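For reference, the chains in residue letters:
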Amino acid sequence: MTQQIDTLVIGAGLAGCTLARQLDEAGKAVILADREETVTSSKVAAGLIAPLSGPRLLPSWRFAPAWDAAIRYYTELERQFQIRLYHPRNKLHLFSSEGEREIFHRERLVQHSQYIFTPSPAIDSEIFHAPLGGFEMTHAGWLDVPAFLKVIKKDFADRGILRTTNINAITDLYWDGPRVEIPRLGLSASMVIWCEGPTATANPFLPGIRFNPAKGEVLTLRIPDLRDDRILYRGVWLVQLEGEIFRCGSTYDWVDLQSEPSTAGREQILGRLREFLKLPVEVIGHAAAVRPVIEDVRPMFGIHPHCRRLGFFNGLGSKGALLAPLMAKEFASQMETGKQNSDPETSLTRKAGIQLPPRLTEMAQSILEPLIAARDVVIDATAGNGHDTMFLAKRVRNRGLVFAIDRQPAAINRLNQSLAENPFRQVKPILGNHAELAALIPPEHHGLISAIMFNLGYLPRGDKEIKTSAETTRPAIQQAVCLLRPGGTMTIMAYTGHPGGPEEAAAVIEALRELEDMIEWKEHFGEPWMKNPPRLLVVRKK
């Protein structure tokens, strides 16, 4: 029996767990699905929270509301599960340069004085090398992110609403009806939210999102002689976990995006640590993961602009512990009202966000446009409503030739009407079946055709019982390859949502595979939230 739910949240990192719990607390029926990878950015994350960060002392984005939301969220979680998750700690920032100290005194001290005070206890010169001094910040601390993830997932597992599985975006989800069907999991959801971290770059539902992922490495250290429990920072951060055990990091690597610790990363962290810490350290652990950073370094969430059953929550980056509760609350509110995220800094449609590709019919024309020259001979093998015919006519101009073929008199009549209004002398309408393509084209043009376009299926606004089929299209494709000149290109639009469509598309692909000694070809999919999305096949003759 299919289980009806409100929301399927895919990805149980910091973003996914926070959002899933937010929805669950609001009374929504939620399932949280996760691949349960050994190494993820959330499991390696330091979970640091501070009003200012980095060598440039940049103010944390939306710090005041985010801090309020985070403290309330983590405090409530600790009360509910009787576990310590958030560790409030002041942050001691040691200046590494005169320029950094100048920025602090000129700008940050005035702008953020409510968080800043003189270090107490004072900076110990026996322990720290800090000739330029530093300052201390309140409203700082660190979240035990692995413990946070563990408690959320255990609670969801105990209640039967956690699924450990890898969901395939194309084969597992069916979008034809008013709900999203996930037959393999026995689920039917009103909405699916992707919270995948950096793997979202390969998600076909979210094209064009401009990620700038960065690998980060952290070390676990034993420092027996260090008794300071503040978060320490000078080039790298140093956080006491318990007793003499500390974590230190991290690196930023935009080239090596493998989640494997490296010797270079280890030495970089230790080198920066030695610049300010005079005590001996022992490395007892080393981990690495890839952060899901959006190009403009802002979180991104919202309902998909073209599919209201699909949402996205990602890009928290290194500020995830601070931002996740506030962003999840805002997103949950938008889901409740059905409103799009209109915030220009976090919406899916901002510059770094979703960039929907053109429709496949438009893509076919854009691919052929630079390949067709005046005087070329081209073919619209399924003229239909004449859109491709007119496109081809404009490309070859009056000196070229367009053969426009269709088996339906209604299509040829429409085309002749269009030609009466737009007199393209170079267009030659032909009433005939594309299965006899070679016989319909004069022999003198065989092997000299620059481009051929197929748009399969039935005539729009015509008789849907009259349509192309596997039996007619397969020989048409074989003949079309022979008609092309070397380097000529063919585009094939295949629609699989009507009876016979999937079989016709399969026949086309089978024919292309048999012809691979003569051609090169590539397949493009459209509207991935459809059960049977259209396909565009682009073929080039060798």
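Presented here is an overview of the structure given in this document. (Residues numbered from 1 in each chain as written. Predicted model: local features only at pLDDT ≥ 70, side-chain atom pairs only at ≥ 80, totals over all residues. Heavy atoms only, no water.)

### Things to note about the overall build of the protein
- Counting its secondary structure elements, the protein contains 13 helices and 27 strands.
- Compactness check: the protein gives a C-alpha radius of gyration of 30 Å against a globular reference of 24 Å for 542 residues, more than 25% above the reference.
- Along the first, second and third principal axes, the C-alpha atoms of the protein reach 95 × 55 × 40 Å.
- Across the 542 residues of the protein, 52% fall into the buried class. (Helix = DSSP H or I, 4+ residues; strand = E, 2+ residues; numbered from the N terminus. Rg over C-alpha atoms; globule rule 2.2 N^0.38 Å. Buried < 20%, exposed > 50% of the residue type's maximum accessible area, 1.4 Å probe, protein only.)

### Considering the packing of helix H12 (residues 470–483) against helix H13 (residues 501–514)
- Closest axis-to-axis distance for the H12/H13 pair is 9 Å, and the angle between their directions is 25 degrees. Considered as vectors, H12 and H13 are oriented roughly parallel to each other. Where H12 crosses over H13, the two elements pack in a sense that is right-handed. Residue-level inspection shows Ala470, Thr473, Arg474, Ile477 and Gln478 of H12 in contact with H13, the latter providing Glu503, Glu504, Ala507, Val508, Glu510, Ala511, Leu512 and Glu514.
- Taken together, the residues that form the contact of H12 with H13 break down as six nonpolar, two polar and five charged. (Axes fitted to C-alpha atoms, helices over the stretch in contact; angles between N-to-C directions. Parallel < 35°, antiparallel > 145°, perpendicular 65-115°, else oblique. Left-handed = near helix turned anticlockwise from the far one by under 90°. Contact = heavy atoms within 4.5 Å. Nonpolar A, V, L, I, M, F, W, Y, C, P; charged D, E, K, R; others polar.)

### A short note on unusual backbone geometry
- With an omega of 5 degrees, the peptide bond between serine 120 and proline 121 qualifies as cis.
- Residue serine 250 is reached from glycine 249 by a cis peptide bond, and omega for that bond is -5 degrees.
- Here serine 250 shows up in the loop between strand E17 (245–249) and helix H6 (263–274).
- If you check the backbone angles, glutamine 82 has positive phi at about 55 degrees while not being a glycine.
- Its location among the elements puts glutamine 82 in the loop between helix H3 (63–81) and strand E6 (86–88).
- A relative accessible area of 66% means that glutamine 82 is categorised as exposed.
- At arginine 375, a position not held by glycine, the phi torsion is positive, near 80 degrees.
- For arginine 375, the position within the fold is in the loop between helix H8 (360–368) and strand E21 (377–380).

On their own, these measurements won't tell you what the molecule is for.
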